[in-house]
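Letter by letter, the chains look like this.
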Amino acid sequence: MPGVTNRFVIAPSLLAADFSRLGEEAAAVERAGADWLHLDVMDGHFVPNITFGPLVVKALRPHTQLPLDVHLMISPADPYLAAFAEAGADHISVHPEAGPHLHRSLQAIRGLGKKAGVVLNPATPVEAIVHVLDLTDIIMVMTVNPGFGGQAFIASQLSKIATLRQMIDASGRRIVLQVDGGITAKTAVQVLAAGADCLIAGTAIFGAKNYADAIADIRAASPAASNFAFSAG
Ligand code: DX5
Ligand code: ZN
């Protein structure tokens, strides 16, 4: 997948950007060293907040070369998958709770030629994805309840990240393990230690005076500095 190398991926979430200047903000984080651009789509129904739809994704597309990582917090999602694909999304991730047929949603995303992601809410068990791993390019662990930026990191999700790391490694599949919510240079250390390979950060990047410094601070996070320990068995 583009952007995935031996280092971890940093995906700034545009949710925390200046919404009157989204194109400039996208270009600014690209210059500042971002790997992907994370776009949070909310419908005021699946989550208690409303953001934007495919028209805004399409408008952003010419402003950055970064892969557009689209996080759908809408229900149902299936009727809109083609519109997001046509708008220029590179990755499209859905929540299992957003529709009755996760397998079909992932098939549809892959069928549109896009990378398919599954997002696990804090209370959603890892079992939700066991039988769809063959259709999954990205697993996203929510470390906040979806709907808003700037919330506190939910540390109980660290063991879920560790379990998923083992599950992905055991499968031998090339699946990206993302973490979304409350990521700072400090929590980055913990989620990397648990096995994450893609960190999404909104407030920690767009809330900073200097985006390049903020990205560099997260990039410098080393899992070795973590107190988090998980059993390998
Ligand atoms: C929350 C979104 C996140 C959000 C993260 O529903 O999925 O992507 O932007 O924001 P921070 O990094 O501020 O917690
Ligand atoms: Zn998100």
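Residues numbered from 1 in each chain as written. Chains lettered and ligands numbered in written order. Predicted model: local features only at pLDDT ≥ 70, side-chain atom pairs only at ≥ 80, totals over all residues. Heavy atoms only, no water.

Is there a simple way to explain the overall build of the chain in this structure?
The secondary structure content of the chain amounts to nine helices and eight strands. For the chain, whose C-alpha radius of gyration is 16 Å, the value lies close to the compact-globule estimate of 17 Å for 233 residues. If you line up the chain on its principal axes, its C-alpha atoms span 45 × 45 × 30 Å. Buried residues in the chain amount to 53% of all 233 residues. Taking the contacts inside the chain whose residues are at least 6 apart along the sequence as the reference set, 67% of them involve residues at least 24 apart. Surface summary for the chain: the accessible area is close to 9900 Å², and the carbon and sulfur share equals 54%. Separation between the mean location of the 16 positive side-chain charges and that of the 20 negative ones in the chain comes to 4 Å. (Helix = DSSP H or I, 4+ residues; strand = E, 2+ residues; numbered from the N terminus. Rg over C-alpha atoms; globule rule 2.2 N^0.38 Å. Buried < 20%, exposed > 50% of the residue type's maximum accessible area, 1.4 Å probe, protein only. Contact = heavy atoms within 4.5 Å. Areas by Shrake-Rupley, 256 points an atom, 1.4 Å probe, with all protein chains shown as cover. Lys, Arg positive; Asp, Glu negative; His and termini not counted. Charge placed at Lys NZ, Arg CZ, Asp CG, Glu CD.)

Sorry, what's going on with the packing of aromatic side chains here?
Two numbers describe a pair of aromatic rings. These are the distance of the centres and the angle of the planes. Inspection of every chain in the model, using the stated rule, returns two aromatic pairs. Consider the rings of Phe 206 and Tyr 211, whose centres lie 5.2 Å apart with planes at 75 degrees: the pair is edge-to-face. (Phe/Tyr/Trp six-rings, centres within 6.5 Å; stacked < 30°, edge-to-face > 60°.)

Help me understand the environment of Gly 44 in this model?
For Gly 44, the position within the fold is in the loop between strand 2 (37-42) and helix 2 (54-60). Its relative accessible area of 43% is what places Gly 44 among the partly exposed residues. Once the C-alpha coordinates of Gly 44 and Met 73 are considered, the two residues, 29 residues apart in sequence, prove to be 8.9 Å apart. When sequence neighbours within four positions are dropped, the list of residues in contact with Gly 44 reads Asn 49 and Ile 50.

Looking at this structure, how should I read the site of ligand 1?
Near ligand 1 you find 20 residues, and of these Ser 13, Gly 147, Asp 180, Gly 202 and Thr 203 are the closest. Gly 147 is positioned such that a nitrogen or oxygen atom in its backbone is 2.7 Å from an oxygen atom of ligand 1. In isolation ligand 1 offers 390 Å² of accessible surface; the protein chains occlude 98% of this area. Within the residue set of the shell around ligand 1, elements represented by two or more residues are strand 2, strand 3 (68-73) and strand 8 (198-201). Broken down by element, the shell around ligand 1 gets its largest block of residues, three residues, from strand 2. Taken together, the residues that form the shell around ligand 1 break down as eight nonpolar, ten polar and two charged. (Near = heavy atom within 4 Å. Polar contact = N/O pair within 3.5 Å; in protein donor to acceptor, adjacent residues only side chain to side chain. Nonpolar A, V, L, I, M, F, W, Y, C, P; charged D, E, K, R; others polar.)

What exactly am I supposed to notice about the coordination of the zinc ion (ligand 2) here?
By definition of the ideal shapes, a tetrahedral metal site with four donors has angles of 109.5 degrees and an octahedral site with six donors has angles of 90 or 180 degrees. Summarising the metal site, the zinc ion (ligand 2) is bound by the protein donors His 38 (NE2), Asp 40 (OD), His 71 (ND1) and Asp 180 (OD), whose distances to it range over 2.0 to 2.3 Å. What the six donor atoms of the zinc ion (ligand 2) show is an angle range of 71 to 167 degrees at the metal, which sorts the shape as octahedral. In primary-sequence terms, the residues that donate to the zinc ion (ligand 2) follow H-x1-D-x30-H-x108-D. Here the residue Asp 40 occupies a position in strand 2, and His 71 occupies one in strand 3, the gap between them amounting to 31 residues. (Donors = N, O, S within 2.8 Å, 3.2 Å for Na, K, Ca; no water. Tetrahedral: all angles 85-135°; square planar, octahedral: opposite > 155°, others 65-115°.)

Where do I start with the packing of helix 6 (residues 158-171) against helix 7 (residues 185-194) in this structure?
Direction vectors running N to C along helix 6 and helix 7 enclose 35 degrees, while the axes themselves pass 8 Å from each other. Contact residues: Leu 158, Ile 161, Ala 162 and Arg 165 in helix 6; Gln 190, Val 191 and Ala 194 in helix 7. Taken together, the residues that form the contact of helix 6 with helix 7 break down as five nonpolar, one polar and one charged. (Axes fitted to C-alpha atoms, helices over the stretch in contact; angles between N-to-C directions.)

What is the right way to look at the environment of Gln 166 in this model?
Checked against the element boundaries, Gln 166 lands in helix 6. In this structure the C-alpha to C-alpha distance between Gln 166 and Ala 204, which are 38 residues apart in sequence, comes to 28 Å.

Could you clarify how one ought to interpret the side chain of Ser 105 in this entry?
Position of Ser 105 among the secondary structure elements: in helix 4 (residues 102-111). Residue contacts for Ser 105: discarding those within four places in its chain leaves Asp 78, Leu 81 and Val 94.

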